[in-house]
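Analysis of the macromolecular model
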Amino acid sequence: MRSFVPIAVVVAGLAAVPLVVHSNVTLNFLVVALMIALAGQGWNILGGYGGQYSFGHAAFFGTGAYVTAILQMRYGVNAWLAFALGIAGGALVSAVVGALSFRSGLRGSYFALVTLAFAEVLRIVASVAPITGAGVGTLVKLDLRFAALQFESRAIFYWVILALVAVALVVTHLIERSRFGAWLVAVRENENAAMALGVNATAVKLAAMVISAAITAAAGCFYTQYFLFVDSGIAYGTWMSIEALLVPIIGGVGTLFGPLIGALVVRALGEAALLVTGDAPGLDLVVFGCVLVLVVGLSPRGLMGGIANLIVRFRGRGASAGEAGHHG
């Protein structure tokens, strides 16, 4: 139980924010950051711990978003149930993509391109299919009730997304400490060697992909409930695949808190770049790109890796200073 203390401390600290901060702009910023952290946490299980880099996590985010919206608007399903079914929908899509990819023996860049292609195919289908509202998209009716999973206060939305992030952190931590987690890392480090030791690599990767997609789909379901609108560009657009991949890389791939730190930094940089560059189109992206190159260049293991290196260096200095004093 002691190993869960860092998660409890971080979540409790974040949960206290709306009690101090009442600005809707700040809360909106944090809600979106946490939503992207959730999608990134999902990607991190497959990409960070499993070493299977997906460029198409929008396929799962979008499926979650669309299933939640369509079930409510077309079939009158309760929002909470639609949310759960949206997560299941995302997991189901990933099981199909994973089974086709991993059974065919696709790895590395081939796997990444297949996931990207799947997301793009779904985007094109969603932009013409009548059930998704085609090019117009799907609008969810405003209904500010707990039963409809809609709230007047931004703070409640913030606590909902924080609870989802907390669940994702606990799931990731349990995987880290489990035999399944050890198999996953073994597959990442050397798939052939892991298979020689009796690890069923295909099953391990498929399970990781389903868990990963379910977490990312939850972010999509939340998106629908928060913004009450979804279309093919939002749901299956490359923006989500990039954000889900970017935040763990900046925060620290294959680390517990990497995606959360990465998401807060990425969103803060995005807002700061917009403030600095003003209305100049695309200039914020240039600033953003330069910072990304700096982070990856200075700390290839992400911000968590950089922090770990600093701690090791600091401890090393402290120990050597202590020894020098002792000898003196």
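Residues numbered from 1 in each chain as written. Predicted model: local features only at pLDDT ≥ 70, side-chain atom pairs only at ≥ 80, totals over all residues. Heavy atoms only, no water.

This next bit is on the overall build of the chain. Along its length, the chain carries 15 helices and 2 strands. Relative to the compact-globule value of 20 Å for 328 residues, the chain shows a C-alpha radius of gyration of 21 Å, a close match. For the C-alpha atoms alone, the extent of the chain along its principal axes is close to 80 × 55 × 45 Å. Within the span of the chain, comprising 328 residues, buried residues form 45% of the whole. A separation threshold of at least 6 residues defines the contact pool for the chain, and within that pool the share at least 24 residues apart is 78%. Carbon and sulfur atoms make up 70% of the accessible area of the chain, which totals about 15700 Å². Charged side chains of the chain number 17 positive and 12 negative; the gap between the two group centres comes to 10 Å. (Helix = DSSP H or I, 4+ residues; strand = E, 2+ residues; numbered from the N terminus. Rg over C-alpha atoms; globule rule 2.2 N^0.38 Å. Buried < 20%, exposed > 50% of the residue type's maximum accessible area, 1.4 Å probe, protein only. Contact = heavy atoms within 4.5 Å. Areas by Shrake-Rupley, 256 points an atom, 1.4 Å probe, with all protein chains shown as cover. Lys, Arg positive; Asp, Glu negative; His and termini not counted. Charge placed at Lys NZ, Arg CZ, Asp CG, Glu CD.)

So, on to the nonpolar core. Core analysis: the biggest nonpolar cluster contains 68 residues, and Leu38 and Phe222 have the highest contact counts within it. Apart from residues no more than four positions distant in its own chain, Phe222 is found in contact with Val31, Met35, Phe83, Phe157, Val160, Ile161 and Leu164. In this structure, Ala65, Ile70, Ala126 and Leu228 belong to the second largest nonpolar core, which totals 10 residues. (Core = buried A, V, L, I, M, F, W, Y, C linked by side-chain atoms within 4.5 Å.)

On to unusual backbone geometry, then. With a phi close to 60°, Leu228 is a non-glycine residue in the positive phi region. Looking at where Leu228 falls in the secondary structure, it is placed in the loop between helix H10 (201-227) and strand E2 (229-230).

Attention now moves to the packing of helix H1 (residues 5-15) against helix H7 (residues 154-177). To characterise two packed helices, one gives the angle between the axes of the helices and the distance between these axes. At their nearest, the axes of H1 and H7 sit 11 Å apart, and the two run at 170° to each other. One finds that H1 runs roughly antiparallel with respect to H7. Facing H1, whose interface residues are Ile7, Val11, Leu14 and Ala15, H7 presents Tyr158, Trp159, Leu162, Ala166, Leu169, Val170 and His173. Looking at the contact of H1 with H7 residue by residue, the classes come out as 10 nonpolar, 1 polar and no charged. (Axes fitted to C-alpha atoms, helices over the stretch in contact; angles between N-to-C directions. Parallel < 35°, antiparallel > 145°, perpendicular 65-115°, else oblique. Nonpolar A, V, L, I, M, F, W, Y, C, P; charged D, E, K, R; others polar.)

This paragraph deals with the packing of aromatic side chains. The description of two aromatic rings rests on the distance between their centres and on the angle between their planes. For the structure on display, the rule yields 14 aromatic pairs. Look at Phe61 and Tyr223: their rings are 5.9 Å apart centre to centre, the planes differ by 70°, and that puts the pair in the edge-to-face class. With a gap of 162 residues between them, Phe61 in helix H4 (residues 58-75) and Tyr223 in helix H10 connect regions that are remote in the sequence. Using a relative accessible area of 0% as the deciding quantity, one classes Phe61 as buried. The buried category is assigned to Tyr223, whose relative accessible area is 10%. Aromatic pair Phe157 and Tyr226: ring centres 5.0 Å apart, planes at 80°, arrangement edge-to-face. With Phe157 in helix H7 and Tyr226 in helix H10, this residue pair connects regions lying 69 residues apart in the sequence. (Phe/Tyr/Trp six-rings, centres within 6.5 Å; stacked < 30°, edge-to-face > 60°.)

Attention shifts here to the pattern of salt bridges. Scanning all chains against the criterion turns up 6 salt bridges. Note that Arg188 is salt-bridged to Glu189, the shortest N-O span being 3.0 Å. When its relative accessible area of 33% is taken as the criterion, Arg188 is described as partly exposed. Between Glu243 and Arg267 there is a salt bridge; the shortest N-O distance is 3.3 Å. Remark: Arg267 occurs in helix H13 (residues 258-277) and Glu243 occurs in helix H12 (residues 238-251); sequence separation between them is 24 residues. The pair Glu243 / Arg267 is uniform in exposure class, with both members buried. (Salt bridge = Lys/Arg side-chain N within 4 Å of Asp/Glu carboxyl O.)

To continue, consider the packing of H4 against helix H6 (residues 108-128). Close contact between H4 and H6 brings their axes to 8 Å; oriented N to C, the two are set at 30°. Judged by the inter-axis angle, H4 sits roughly parallel to H6. Both H4 and H6 take part in a crossing whose hand is left-handed. Contact with H4, carried on its side by Ala58, Ala59, Thr63 and Tyr66, involves Ala119, Leu122 and Ala126 of H6 and no other residues of that element. Tallied by class, the residues present in the contact of H4 with H6 amount to 6 nonpolar, 1 polar and no charged. (Left-handed = near helix turned anticlockwise from the far one by under 90°.)

The subject of this paragraph is the environment of Tyr226. What makes Tyr226 buried here is its relative accessible area of 10%. Sequence spacing of Tyr226 and Ile161 is 65 residues, and the spatial spacing of their C-alpha atoms is 9.9 Å. Residues within four places of Tyr226 in sequence aside, it is in contact with Asn28, Val31, Arg154 and Phe157.

Quick look at the layout of surface pockets now. In this structure, the largest pocket spans a volume of roughly 310 Å³. Every residue lining the largest pocket is counted, 14 residues in all, and those nearest its centre are Glu243, Arg267, Gly270, Leu285 and Phe288. Secondary structure elements with two or more residues in the lining of the largest pocket: H12, H13 and helix H14 (283-298). (1 Å grid on protein atoms, 1.4 Å probe; cavity = no way out; pocket = protein on both sides within 12 Å on 5 of 7 lines; lining within 4 Å. Points joined across faces, edges and corners; volume = space filled by probe spheres on them.)

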